[in-house]
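# Coordinates in review
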Amino acid sequence: MIVRILGEGLYELPDPDLPVVEEIDDVLMDAVDRGDEAAFTGALADLIGEVRHSGTRLAHDDVRSSGMVVPHEGSSLAEVKALLAEEGG
Amino acid sequence: MGSVTKRLSGILQAKANKALDKAENPADMLDLSYEKQQENLQKVRRALADVTTAKKRLELQAAQLQDQTDKLQDQAKQALAQNNEDLAREALSRRATLAQQLQDMGTQHDQVAKQQQQLEATEQRLSAEIEQFRTKKETLKASYVASKAESGIGEAVSGISESMADAGVTLQRAQDKIADMQARAGAMDELIDSGALPDALGGGKDDIQAQLDAASSSSQVDAELAALKAQVAAGSLPSGSASAGADDQEPK
């Protein structure tokens, strides 16, 4: 799975590591839904940490499409909510 | 519903497709992509210059606030030396307010540094992508013209346009932060320039210094007064009061 961290770049994540990332992704979604800033901040940091740790960074000129897009490091809950709201428009 | 990363992926994809809507055929799409990449790179470079300026400005302001903080600390010491505990307390409480502002500026500085880092990464990525895309697009265009083969084009364009959408979102986020940062820095500059910083925190321009100066000149007056009193006690002044005392005793 190719994962993009916004503002950072692409990582190739081995399939066996995918469930852990997906689990954190769910925690993140839950935090967004509940509007829980602290849980959100923690989950986002965990998610980025996990992708960097388990994934292999792709070279800058290795341009591929990704299947997962992780918000910018240090994003606030409001920023991500605003980004997700662009879905309709 | 859904996950954050999947939804964001869909949003980024939609943005990427929208950017290329104007292309009439795959060959145009390649040229349009290339144009957009270059535009994006210019924008990212401008934002990077802005964010660097914002960071320097914050550092300058923090240094000014630090000077003020140190000065208030000195003033508190001087006030204590003059046994004026109330004034020392006032200086320290203003110092605490400034220290809080300094801390907030530290947080802002960290945020600007993070923006700078993300923009730098975006700039490097875009530069590398553009270089690679430039050669690839000519090859792909040639094969499209020769055989109408579109397969490689779609693949090349979808990756690059997603990356451009990422750059666009990152840029927007940075620009929002920069605007916010500039507004705050502007307000802070006005305060510092007008010399109103101590004013805004209560009191006159530097009323603490004025009180310290007044106390030190009044202690000089006290010293002179004491010297005069000592002279009077030693009887070296005209003896008006001594003769009045003698008159009192006369009727007895």
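In the block above lies the structure referred to throughout.
Here the structure is a predicted model, which means the values were calculated and not measured.

### Some points on the packing of helix 3 (residues 77-85) of chain A against helix 1 (residues 4-19) of chain B
Running from amino to carboxyl end, helix 3 of chain A crosses helix 1 of chain B at an angle of 50 degrees, the nearest separation of the two axes being 9 Å. Here helix 3 of chain A lies oblique to helix 1 of chain B, going by the angle between them. Of the two elements, helix 3 of chain A crosses helix 1 of chain B, and the hand of that crossing is left-handed. Touching Val80, Leu83 and Leu84 of chain A of helix 3 of chain A are Val4, Arg7, Leu8 and Ile11 of chain B, all from helix 1 of chain B.

### Describing empty space enclosed by the protein
For the structure shown, the criterion picks out four cavities of 30 Å³ or more. Volume-wise, the second largest cavity comes out at about 70 Å³. In terms of lining residues, the second largest cavity is bounded by 14 residues, among which Leu10, Ala59 and His60 of chain A together with Arg125 and Glu129 of chain B are the most central. Where the lining of the second largest cavity is concerned, the elements lending two or more residues are strand 2 (9-12) of chain A together with helix 3 (85-147) and helix 4 (151-193) of chain B.

### A few points about the environment of Ala63 of chain B
Among the secondary structure elements, Ala63 of chain B is positioned in helix 2 (residues 26-81). Through-space distance from the C-alpha of Ala63 of chain B to that of Leu102 of chain B is 9.1 Å; in sequence the pair is 39 residues apart.

### Concerning the pattern of salt bridges
Summed over the entire model, instances satisfying the criterion amount to 20 salt bridges over all chains. Put simply, Glu123 of chain B and Arg45 of chain B hold a salt bridge, and the shortest N to O gap is 2.7 Å. Taken together, the residues span a long stretch of sequence, with Glu123 of chain B in helix 3 and Arg45 of chain B in helix 2 at a distance of 78 residues. You can call Glu123 of chain B buried: its relative accessible area is 17%. Notably, a salt bridge pairs Lys137 of chain B with Glu138 of chain B, separated by 3.0 Å at the nearest N-O pair. For Lys137 of chain B, a relative accessible area of 7% translates into the label buried. Among the residues examined, Glu138 of chain B registers a relative accessible area of 41% and is labelled partly exposed. Residues joined in a network through salt bridges with shared partners are Arg4 of chain A together with Arg125, Glu129, Glu162 and Asp166 of chain B.

Procedures and definitions
Residues numbered from 1 in each chain as written. Chains lettered and ligands numbered in written order. Predicted model: local features only at pLDDT ≥ 70, side-chain atom pairs only at ≥ 80, totals over all residues. Heavy atoms only, no water. Axes fitted to C-alpha atoms, helices over the stretch in contact; angles between N-to-C directions. Helix = DSSP H or I, 4+ residues; strand = E, 2+ residues; numbered from the N terminus. Parallel < 35°, antiparallel > 145°, perpendicular 65-115°, else oblique. Left-handed = near helix turned anticlockwise from the far one by under 90°. Contact = heavy atoms within 4.5 Å. 1 Å grid on protein atoms, 1.4 Å probe; cavity = no way out; pocket = protein on both sides within 12 Å on 5 of 7 lines; lining within 4 Å. Points joined across faces, edges and corners; volume = space filled by probe spheres on them. Salt bridge = Lys/Arg side-chain N within 4 Å of Asp/Glu carboxyl O. Buried < 20%, exposed > 50% of the residue type's maximum accessible area, 1.4 Å probe, protein only.

In short, geometric facts, not functional conclusions.
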